[in-house]
Amino acid sequence: MEKAFAYICASEEAAPRLLKRYCRKVYELGYIPICPRLSDGQYLALEIPDEKRTFYSIARQKLGRCRMLVVCGNEISTAMTAEIGQAEKRNLICTTLDGLAKIKGPEE
């Protein structure tokens, strides 16, 4: 059985250890986490404007291949609002990590 891709939407300030924790939780809930902030930030220098634009372009393309967007963290940044808006335009499921856990909980 194939698992659905879940886009991890998190603050730009989220530490890598926190992003890893979000990804792990999504994985444990039965989805494949896609986290551009964790993966693409490894090879792109986001302080360089051209590479930051490339980062957002790659993130949009990855979001388009996901079935859902999972909002992680307590606050929503401007960049996160833009990602949520893109997901809504594509009619993707938008939920929080806590919401996803509540939905998947009774099945376990």
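**With respect to the pattern of salt bridges**
Tallied over the full model, the rule gives 3 salt bridges. Of the charged contacts in the structure, one is a salt bridge between Lys 62 and Asp 40, with a shortest N-O distance of 3.0 Å. Linking Lys 62 in helix α3 (residues 49-64) with Asp 40 in the loop between α2 (36-39) and α3, this pair joins segments that are 22 residues apart in sequence. Of the residues examined, Lys 62 reaches a relative accessible area of 26% and is grouped as partly exposed.

**Considerations on the packing of aromatic side chains**
Scanning the model with the defined rule gives 1 aromatic pair in all. Residues Phe 55 and Tyr 56 carry aromatic rings whose centres are separated by 5.3 Å and whose planes lie at 70° to one another, so their mutual orientation is edge-to-face. We classify Phe 55 as buried; its relative accessible area is 2%. With relative accessibility at 26%, the residue Tyr 56 sits in the partly exposed group.

Cut-offs applied
Residues numbered from 1 in each chain as written. Predicted model: local features only at pLDDT ≥ 70, side-chain atom pairs only at ≥ 80, totals over all residues. Heavy atoms only, no water. Salt bridge = Lys/Arg side-chain N within 4 Å of Asp/Glu carboxyl O. Helix = DSSP H or I, 4+ residues; strand = E, 2+ residues; numbered from the N terminus. Buried < 20%, exposed > 50% of the residue type's maximum accessible area, 1.4 Å probe, protein only. Phe/Tyr/Trp six-rings, centres within 6.5 Å; stacked < 30°, edge-to-face > 60°.

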